[in-house]
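Inside the fold
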Amino acid sequence: MSRRIAVLISGRGSNLQSIIDAIREGRLDAQIALVLSNRANAPGLERAREAGVEAIFINPRDYADRDAYDRAIVAALRRRQVDLICLAGFMRLVGAPLLEAFPFRILNIHPSLLPAFPGLEAQRQALEYGVRISGATVHFVTSELDGGPIILQAAVSVLPDDTAETLAARILIDEHRIYPEAIEVVLRGAWSIEGRRVKIGNW
Ligand code: GRF
């Protein structure tokens, strides 16, 4: 696998920033070939441009349906010879055209210890459920929402006076650490999948 990656965003882009920083600091050996957003005003687009990275908005409203939109994304990624896609707060379901074009080449970061609390507002779900430990998960994207094989996780304690916001902020610190790490692991290529288990090196 070459080391040209794309980062797909919808908003703030703090995970995108952590990837940019990891590349700058030599912790991640990769090149961001494209940042793509489904929202015109995603602040992450500006972060990318500030870092000298090409950043584009592709408007879902310009396409008849989800498949057509996903095909447009595939075309944009192929044009830039991207071979690994990192979803970083990309608030859309990834459909078949994208999954089939990049099998086991799409990663996502989710703010819970999957398989607990998939979907939206994972930190609020964890808090309301009453778990004592939550965290962050980087996983391969499959057709199952937040359900693909797990690459790396980090555990974060839930504190008695946490709100969804304070818990989210602490989980985010670990997200920023493990996402670049997981991308480096996948790009290095010393992994395989057995059933649902991602084997990394001897582990
Ligand atoms: C993160 O919490 C990530 O885990 C989730 O969406 C949020 C995106 O934040 N998928 P940011 O845009 O990277 O700051």
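Residues numbered from 1 in each chain as written. Predicted model: local features only at pLDDT ≥ 70, side-chain atom pairs only at ≥ 80, totals over all residues. Heavy atoms only, no water.

Overview of the sheet that holds strand E4 (residues 84-87)
Let me state the cut-off plainly: Any two strands between which DSSP finds at least two bridges are classified as paired. The helix and strand labels rest on DSSP assignments: H or I over at least four residues marks a helix, E over at least two residues marks a strand, and numbering proceeds from the N terminus. Think of each axis as a best-fit line through the C-alpha atoms, taken over the contacting stretch in the case of a helix, with angles from 0 to 180 degrees between the N-to-C directions. Note on contacts: a residue pair is in contact if any heavy atoms of the two residues lie within 4.5 Å.
Strand order in the open sheet formed by seven strands is E3-E2-E1-E4-E5-E6-E7, with mixed pairing between adjacent strands. The strands lining the two open edges of the sheet, one partner per strand, are strand E3 (55-57) and strand E7 (150-157). Looking at each pair of strands side by side, their axes are set apart by 20° on average, direction ignored. Pairing analysis gives six bridges linking strand E1 (residues 4-9) to strand E2 (residues 31-37), with the strands arranged parallel. Bridge pairing links Leu8 to Leu36 in E2. Taken strand by strand, helix H1 (residues 14-24) contacts E1, E2 and strand E5 (106-110), and its axis lies near 170° from that of E2. Helix H3 (residues 66-79) rests against E1, E2, E3 and E4 of the sheet, and its axis sits at about 155° to E2.

So, helix H5 (residues 122-129)
The following threshold applies: Classification of residues uses two cut-offs on accessible area relative to the type maximum, computed with a 1.4 Å probe and protein chains only: under 20% is buried, over 50% is exposed, and between them is partly exposed. Throughout, the arc means that of the directions going from the helix axis to the C-beta atoms.
For H5, every residue scored as buried is listed here: Ala122, Gln123 and Ala126. The buried residues of H5 occupy one face: seen down the axis, they fall within an arc of 100°. Lining the buried residues of H5 we find E5, strand E6 (133-140) and helix H6 (164-188). Backbone geometry just after H5 places Gly130 at a positive phi near 95°.

Some points on the packing of aromatic side chains
The condition that has to hold: Here the aromatic set is Phe, Tyr and Trp, taking the six-membered ring for Trp, and pairing holds for ring centres within 6.5 Å; pairs whose planes are under 30 degrees apart are stacked, those over 60 apart are edge-to-face, and all others are tilted. Either the NZ atom of lysine or the CZ atom of arginine qualifies as a charge over a ring when it sits within 6 Å of the ring centre and within 35 degrees of the ring normal.
Evaluated as defined, the whole model comprises four aromatic pairs. Aromatic side chains Phe140 and Trp191 sit 5.0 Å apart centroid to centroid with 40° between the ring planes, which places their arrangement in the tilted category. Here the residue Phe140 occupies a position in strand E6, and Trp191 occupies one in strand E8 (residues 191-194), the gap between them amounting to 51 residues. Judged by relative accessible area, which is 0%, Phe140 ranks as buried. Three or more aromatic residues link up through ring pairs in this structure, and these residues are Phe104, Phe140 and Trp191. The ring of Phe102 has Arg78 sitting right over it, with the charged end atom 5.9 Å from the ring centre.

Let's talk about the site of the ligand
Threshold: Nearness of a residue to a molecule or strand requires only that one of the residue's heavy atoms be within 4 Å of it. Distance and chemistry together define a polar contact, namely a pair of N or O atoms within 3.5 Å, with one atom able to donate a hydrogen and the other to accept it when in protein, and with adjacent residues in sequence counting only for side-chain atoms on both sides. Surface accessibility follows the Shrake-Rupley procedure with a 1.4 Å probe radius. Residue values consider only the protein chains on display as shielding.
Taken together, the neighbourhood of the ligand is formed by Arg12, Gly13, Ser14, Asn15, Gly89, Ile109, His110, Pro111 and Glu175. In the model, an oxygen atom of the ligand is placed 2.9 Å from a nitrogen or oxygen of the Asn15 main chain. A distance of 2.7 Å separates an oxygen atom of the ligand from a polar atom in the side chain of Glu175. Considered on its own, the ligand offers 370 Å² of accessible surface; in the complex 86% of this is hidden by protein.

Observations regarding unusual backbone geometry
Most peptide bonds take the trans configuration, and most residues that are not glycine carry a negative phi. Residues Leu114 and Pro115 are joined by a peptide bond in cis, for which omega reads 15°. As for its position among the elements, Pro115 is in the loop between E5 and H5. Positive phi values are uncommon outside glycine, yet Phe117 reaches one of about 60°. The residue Phe117 is located in the loop between E5 and H5 in this model. Here the phi dihedral of Asp146 falls at roughly 55°; this positive angle occurs in a residue that is not glycine. In this structure, Asp146 sits in the loop between E6 and E7.

A closer look at the nonpolar core
Nonpolar side chains in soluble globular proteins tend to be buried together. Stated precisely, the cut-off is as follows: Side-chain atoms within 4.5 Å link the members of a nonpolar core, which is a set of buried Ala, Val, Leu, Ile, Met, Phe, Trp, Tyr and Cys residues.
In this structure, Val35, Ile151 and Ile183 are the most contacted members of the largest nonpolar core, which totals 40 residues. Among the elements that take part in this core, H6 stands out by supplying nine residues, more than any other. Leu36, Tyr69, Ala76 and Leu98 belong to the second largest nonpolar core, which has 22 residues in total.

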